[in-house]
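The primary structure of each chain is shown beneath.
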Amino acid sequence: MPKAVWNGTVIADSDETVVVEGNHYFPRSAVNSGYLRDSDTQTTCPWKGVASYYSIVVEGAENRDAAWYYPDPKPAAAEIRDRIAFWKGVQIG
């Protein structure tokens, strides 16, 4: 089962991830939202749409903008709606 781990803590785990461009998108329900903090950062992907970000905070340590999601993905990326992906040192395994 894929897990997202940062700073020794499991942030998400699910056997129902969707892999897009090599990134595991976890169902929102499989992510421990207690470790996520809203970020003002947004980026745009030509085919997925506008991404929003979360910072991950574990035991006082912050990994800024280490999680992202598409609140309203374009039709070509509909499968990642309500899913969260990770990067910036978050280990997926």
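These numbers were taken from a predicted model, which means no experiment stands behind them.

*Asks:* Explain the pattern of salt bridges to me, please; I cannot follow it from the model alone.
*Replies:* One side chain can pair with another of opposite charge once the charged atoms of both are near each other. Applying the stated criterion to the full structure yields two salt bridges. Note that Asp72 and Arg81 form a salt bridge whose closest N and O atoms lie 3.5 Å from each other.

*Asks:* Mind showing me how you'd approach the nonpolar core here?
*Replies:* If you look at soluble globular proteins, the nonpolar side chains tend to sit buried side by side. Judged by nonpolar contacts, the single largest core of 16 residues is most densely connected at Ile11, Val31, Leu36, Ile56, Ile84 and Phe86. If you look at the next biggest cluster of nonpolar residues, it comprises 11 residues, including Val20, Tyr25, Tyr70 and Ala85.

*Asks:* What is the right way to read the packing of aromatic side chains from this model?
*Replies:* To describe a pair of aromatic rings, one takes the distance between the centres and the angle between the planes. Per the counting criterion, the structure on display carries four aromatic pairs. Seen from their ring centres, Tyr25 and Trp68 are 6.0 Å apart, and the 90° between their planes marks the pair as edge-to-face. Placement of the pair is Tyr25 in strand β4 (residues 23-27) and Trp68 in strand β7 (residues 61-69), with a sequence separation of 43 residues. On the accessibility criterion, Trp68 (9% relative accessible area) is buried. Summarising the aromatic geometry, the rings of Phe26 and Phe86 are spaced 5.7 Å apart at their centres and angled 70° between planes, so their arrangement reads as edge-to-face. Residue Phe26 is located in strand β4, and its partner Phe86 is located in strand β8 (residues 83-86); the two are separated by 60 residues in the primary sequence. Like Phe26, the residue Phe86 is buried in the burial classification.

*Asks:* What's the story with the sheet that holds strand β2 (residues 9-13) in this structure? I'm lost.
*Replies:* Two pairing modes exist for strands in a sheet, parallel and antiparallel, and in both the strands are linked by backbone hydrogen bonds. In space, the three strands of this open sheet follow the order β2-β1-β9, with antiparallel pairing throughout. Whereas interior strands pair on both sides, the edge strands pair on one side only; in this sheet they are β2 and β9 (91-92). Pairing analysis gives four bridges linking strand β1 (residues 3-6) to β2, with the strands arranged antiparallel. The partner of Ala4 across the bridge, within β2, is Ala12.

*Asks:* Help me understand the pairing of strand β6 (residues 49-58), please; the structure alone is not making it clear to me.
*Replies:* Successive side chains on a regular strand alternate, one facing one side of the sheet and the next facing the other. Within β6, nine of the 10 residues are buried, which leaves the element mostly enclosed by the surrounding structure. In terms of strand pairing, strand β5 (residues 36-45) meets β6 through seven bridges, oriented antiparallel. Counted as the bridge partner of Thr43 is Ala51 from β6. Remark: three residues form the turn of the hairpin made by β5 and β6, two consecutive strands paired antiparallel. What sits between the antiparallel neighbours β6 and β7 is a turn of two residues, in which Glu59 has the positive phi angle 50°.

Calculation criteria
- Residues numbered from 1 in each chain as written.
- Predicted model: local features only at pLDDT ≥ 70, side-chain atom pairs only at ≥ 80, totals over all residues.
- Heavy atoms only, no water.
- Salt bridge = Lys/Arg side-chain N within 4 Å of Asp/Glu carboxyl O.
- Core = buried A, V, L, I, M, F, W, Y, C linked by side-chain atoms within 4.5 Å.
- Buried < 20%, exposed > 50% of the residue type's maximum accessible area, 1.4 Å probe, protein only.
- Phe/Tyr/Trp six-rings, centres within 6.5 Å; stacked < 30°, edge-to-face > 60°.
- Helix = DSSP H or I, 4+ residues; strand = E, 2+ residues; numbered from the N terminus.
- Pairing = 2+ DSSP bridges.

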